[in-house]
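Secondary and tertiary structure notes
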Amino acid sequence: MRRPNPPSIEAYLAALDDSQKEALTRVVAAIRKGLPGAEESISYRIPTFKIDGHAVLYCAAFTAHYSIYPATAALVASLGDALAPYRYNGKGTIRFALDRPVPTTLITRIARLRAAEDATRQPRRRAAAKKR
């Protein structure tokens, strides 16, 4: 069954079961610490954090884990062994088990690294073409 599209991050968290809610509440707090002032929204039915209107980081809860996206190759390389206890799928997703403590310091670091990456990104071609 497909989850409904929640109107806010708080609504997303409220709809989770207790273990998911506890973990995701900590994840969201860590992301907020790493991305102060980021715009918060729901995109693709999951919590989304944006800077200057551009999505920088997503998180989501699942039955036995929660995930953070996107994990670029540069981000994964810069984190090195810090990611060893967690599951990186090679396609941009880092998975964390729900039954383990939330690595809030690591998640804050991921958020800061994603913000730094996003700050250096090239403008999208479509957006650049509209300015002409």
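Cut-offs applied
Residues numbered from 1 in each chain as written. Predicted model: local features only at pLDDT ≥ 70, side-chain atom pairs only at ≥ 80, totals over all residues. Heavy atoms only, no water. Phe/Tyr/Trp six-rings, centres within 6.5 Å; stacked < 30°, edge-to-face > 60°. Helix = DSSP H or I, 4+ residues; strand = E, 2+ residues; numbered from the N terminus. Core = buried A, V, L, I, M, F, W, Y, C linked by side-chain atoms within 4.5 Å. Buried < 20%, exposed > 50% of the residue type's maximum accessible area, 1.4 Å probe, protein only. Salt bridge = Lys/Arg side-chain N within 4 Å of Asp/Glu carboxyl O. Axes fitted to C-alpha atoms, helices over the stretch in contact; angles between N-to-C directions. Parallel < 35°, antiparallel > 145°, perpendicular 65-115°, else oblique. Left-handed = near helix turned anticlockwise from the far one by under 90°. Contact = heavy atoms within 4.5 Å. Nonpolar A, V, L, I, M, F, W, Y, C, P; charged D, E, K, R; others polar.

Going through the model one piece at a time under the given rule, you end up with three aromatic pairs. Taken together, a centroid distance of 4.8 Å and an interplanar angle of 50° make the contact between Tyr-86 and Phe-96 tilted. Residue Tyr-86 is located in the loop between α3 (73-79) and β5 (87-88), and its partner Phe-96 is located in strand β6 (residues 94-97); the two are separated by ten residues in the primary sequence. An aromatic cluster of at least three residues, connected via ring pairs, comprises Tyr-66, Tyr-86 and Phe-96.

Here we come to the nonpolar core. By size, the foremost hydrophobic cluster in this structure holds 38 residues, and its most contacted members are Val-27, Ile-31, Leu-35, Tyr-66, Ile-107 and Ile-110. Elements with a minimum of two residues in this core: α1 (9-14), α2 (18-34), β2 (46-51), β3 (54-61), β4 (65-69), α3, β6 and α4 (104-119).

Here the focus is the pattern of salt bridges. For the coordinates displayed, the defined rule picks out three salt bridges. In this structure, the salt-bridge partner of Arg-32 is Glu-10, at a minimum N-O distance of 2.8 Å. One end of the pair, Arg-32, is in helix α2; the other, Glu-10, is in helix α1, and 22 residues separate them in sequence. For Glu-117, the salt bridge identified is with Arg-114, shortest N-O distance 2.6 Å. Of the two residues, Glu-117 and Arg-114 are both situated in helix α4; the distance of three residues between them amounts to about one turn of the helix. For Arg-114, a relative accessible area of 7% gives the class buried.

At a closest axis distance of 8 Å, the pairing of α2 and α4 adopts a crossing angle of 45°. Classed by the angle they form, the pair α2 and α4 counts as oblique. α4 is crossed by α2, and the crossing has right-handed handedness. In contact with Arg-26, Val-27, Ala-30, Ile-31, Lys-33 and Gly-34 of α2, α4 contributes Thr-104, Ile-107, Thr-108, Ala-111 and Arg-112. When grouped by side-chain class, the residues that make up the contact of α2 with α4 number five nonpolar, three polar and three charged.

All right, on to unusual backbone geometry then. Where the residue is not glycine, phi is negative for most of them; where a peptide bond is considered, it is trans in most cases. Omega for the bond connecting Tyr-69 with Pro-70 falls within 30 degrees of zero, at -20°, which places this linkage in the cis form. With respect to the helices and strands, Pro-70 occurs in the loop between β4 and α3. Phi at Tyr-44 is positive, roughly 55°, even though this residue is not glycine. With respect to the secondary-structure elements, Tyr-44 resides in the loop between β1 (39-43) and β2. Backbone geometry places Arg-45, a non-glycine residue, at a positive phi of 70°. One can find Arg-45 in the loop between β1 and β2.

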